[in-house]
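# Structural overview for review
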Amino acid sequence: MTNKMNGSVPQISKTPKNEIGGSSDRFWNPRFWDGMTMSAWVKILKSGNCRITPSRLAMAGLICGLSVANSTFALGQKLLYGKTIRETALVSPPIFIIGHWRSGTTLLHEYLIRDPQFTYCDTYTCFAPSHFLVSSGFFRPWVKYLMPKKRPMDNMLAGLERPQEDEFAICALGMNSPYRDILFPNTPPIDDNFLTLRNLTDQQRKEWLDIFEYFLKTLTVAEKKTIILKSPPHTGRIRTILERFPDAKFIHIHRNPYTLFPSTHTLWMKLAQTHGLQHPNGKGLEEKILQNFEDMYAAFDADLPLLKPTQFVDVSYDELTQTPVNLIEKVYSTLQIDHFDEVRQNYEQFAETQKNYKKNKFQLDQKIVELITKRWDYYIKRYGYKMDI
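Position labels on residues start from 1 in each chain and follow its written sequence. For this predicted model, a pLDDT threshold of at least 70 governs which residues receive local features, and a threshold of 80 or more governs which side-chain atom pairs are given and counted, while totals over whole chains, interfaces and linings are taken from all residues. Excluded from the side-chain calculation are hydrogens and water; included are all heavy atoms of the structure.

## Side note on helix α15 (residues 366-375)
Given 3.6 residues per turn, any residue in an α-helix points the same way as the ones three and four places further on. Quick note on the threshold: Burial classes: relative accessible area under 20% of the type maximum marks a residue as buried, over 50% as exposed, and values in between as partly exposed (1.4 Å probe, protein chains only). Strands here mean DSSP runs of E at least two residues long; helices mean DSSP runs of H or I at least four residues long; both are numbered from the N terminus. Each direction from the helix axis to a C-beta atom contributes to the arc, which is the arc of those directions. Contacts: residue pairs with any heavy atoms within 4.5 Å of one another. Here a polar contact means two N or O atoms within 3.5 Å. Within protein one must be a hydrogen donor candidate and the other an acceptor candidate, and residues neighboring in sequence count only if both atoms are side-chain atoms.
Buried within α15 are the following residues: Ile-368, Val-369, Leu-371, Ile-372 and Arg-375. One side of α15 holds all its buried residues, which, seen down the axis, span an arc of 160 degrees. The exposed set on the far side of α15, more than 90 degrees from its buried face, consists of Gln-366, Lys-367 and Lys-374. Residues of α15 that are buried in the fold lie against α10 (257-275), α11 (285-303) and α16 (377-383). Its side-chain oxygen placed 2.7 Å from the backbone nitrogen of Lys-367, Asp-365 serves as the N-cap of α15.

## Some remarks on the sheet that holds strand β1 (residues 95-98)
This is how it is decided: Two strands make a pair as long as DSSP finds a minimum of two bridges between them. For helices, the fitted axis covers only the stretch in contact; all axes are lines through C-alpha atoms, and the angles between them, taken along N-to-C directions, range from 0 to 180 degrees.
Strand order in the open sheet formed by five strands is β2-β3-β1-β4-β5, and the pairing between neighbours is parallel. Both outer strands of the open sheet, β2 (118-119) and β5 (312-316), are each paired with one neighbouring strand and no more. Relative to strand β3 (residues 226-230), β2 runs parallel, the two sharing two bridges. The partner of Thr-119 across the bridge, within β3, is Ile-227. On top of the sheet, helix α13 (residues 324-335) reaches β2, β4 (249-254) and β5; it is set at about 165 degrees to β5, its chief contact.

## Here's the deal with the environment of Ser-135
By secondary structure assignment, the location of Ser-135 is in helix α5 (residues 132-143). When its relative accessible area of 0% is taken as the criterion, Ser-135 is described as buried. Taking the C-alpha atoms as reference points, Ser-135 and Ala-74, separated by 61 residues in sequence, lie 8.9 Å from one another. If near-sequence neighbours (up to four positions away) are discounted, Ser-135 is found in contact with Phe-73, Tyr-124 and Arg-140. One polar contact links Ser-135 to Tyr-124, side chain to side chain, over a distance of 2.6 Å.

## With respect to the pairing of β3
Counting buried residues along β3, five of its five residues qualify, which places the element largely inside the surrounding structure. Here β3 shows no split at all, with Thr-226, Ile-228 and Lys-230 on one side and Ile-227 and Leu-229 on the other all buried. In this structure, β1 lies alongside β3, joined through three bridges in parallel fashion. Pairing of Ile-97 across the sheet is with Lys-230, part of β3.

## Thoughts on the packing of α10 against α15
The angle between the axes and the distance between the axes are what describe a pair of packed helices. The criterion, for reference: For this classification, under 35 degrees means roughly parallel, over 145 means roughly antiparallel, 65 to 115 means roughly perpendicular, and everything else is oblique. By definition, turning the near helix anticlockwise from the far helix through less than a right angle yields a left-handed crossing, and turning it clockwise yields a right-handed one.
Contact geometry for α10 and α15: axes closest at 10 Å, N-to-C directions at 120 degrees. Taken together, the axes of α10 and α15 lie oblique to each other. Our pair here, α10 against α15, has a crossing hand that is right-handed. Across from Pro-257, Tyr-258 and Phe-261 in α10, the residues of α15 making contact are Ile-368, Val-369, Ile-372 and Thr-373.

## Overview of the pairing of β1
Covered by surrounding structure in β1 are Ile-95 and Ile-97 together with Phe-96 and Ile-98, the residues of both alternating faces. Bridging between β1 and β4 involves four bridges; their strand directions are parallel. Each residue of the ladder has a partner; that of Ile-98, found in β4, is His-252.

## Side note on the environment of Thr-353
With respect to the element layout, Thr-353 can be found in helix α14 (residues 340-353). The class of Thr-353 is exposed, set by a relative accessible area of 52%. Only 2.5 Å separates the side chain of Thr-353 from the backbone oxygen of Phe-350, close enough to count as a polar contact. In this structure the side chain of Thr-353 is engaged in a polar contact, spanning 3.1 Å, whose partner is the side chain of Gln-354.

## A few points about the side chain of Lys-249
Rules: By the counting scheme adopted, Arg and Lys are positive, Glu and Asp are negative, and His together with the chain ends is not counted. By definition, a salt bridge exists where a carboxyl oxygen of Asp or Glu is found within 4 Å of a side-chain nitrogen of Lys or Arg.
Inspection of the secondary structure assignment puts Lys-249 in strand β4. Although Lys-249 lies buried, it forms no salt bridge, and the closest oppositely charged side chain, Asp-247, sits 7.8 Å away as judged by the N-O distance. In terms of polar contacts, Lys-249 uses its side chain to reach the backbone carbonyl oxygen of Leu-335, at 3.0 Å. Setting aside residues no more than four positions away along its own chain, Lys-249 makes contact with Pro-94, Ile-95, Phe-96, Thr-310, Gln-311 and Leu-335.

In structure tokens, the structure reads:
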């Protein structure tokens, strides 16, 4: 399925500014890296060869200062909870929401956490994964006032209590992650092999799993419930996840690829603008999106046969936005999750709050449309999509 193109990729058509939602960047807004310890922060700076845009030096300096405080709190958590975390067992196999970026994973996550039998990692937890057990009560009341009301790339609400991608926690814990590219968008891709984890050594994969499991155990110490997670990179990691969690369940969501492409382009540019140490020039981004999609779904397709029927369910973004409660009921039934009738009202009430949500609108260059049609042919045919954005 992989089909790299030689030469440059045509640029995405410019979208009118008023068609893109999201928050504006403010110097006081928390960054994904604010909760890193000194060792994790130094490691990520080295990965980008410390190539920092001068106007971002103040941001880098602030994070350096915060890393000292993070290291102190992390030591406190290790001393108070280290043994407990290591000896803790998960309540039940974790549930993973997977799918390409901008396919609706966040919205699906927002729905499923309405069931009180689930716990999840919220934004504060992902920002401060090494010490949230001891620092949440102190920092959370203050930091929440610095958070923007919306995410930078769309009109979804933001906040410390909102569900967040566990990939950011893994990255903040010092583990390699393709999300390091957000920090250094103008350098060559840093951790491409960590998108699917397929080309790692056995030792690298074990180290990743050890850190990931430790984080899930920490979440369990905080709240002993079934953990429901969402991170798009997990779409290509099913095989590796099953090594440590053989009974894990997966909910895959798909969306029209002619919407996914421009929306993902906006995502990476906005995140780099608000959380990066370089002003993004966008060079090579189109090719990165095309290739990451191909690599992710090549791994996904190869791993699906490893799952039992009760471990996997496929849903669409259109279902989620048009008949969300029916979709959730299908998820519960397929994955054999109990108590749907008891929480149906929760889902119906949340669905009411989403009726007036304003989606972003995009325009695509015809050459980009042709590339998507050619290179994402597998996905388009599998789910029956056509050009309609």
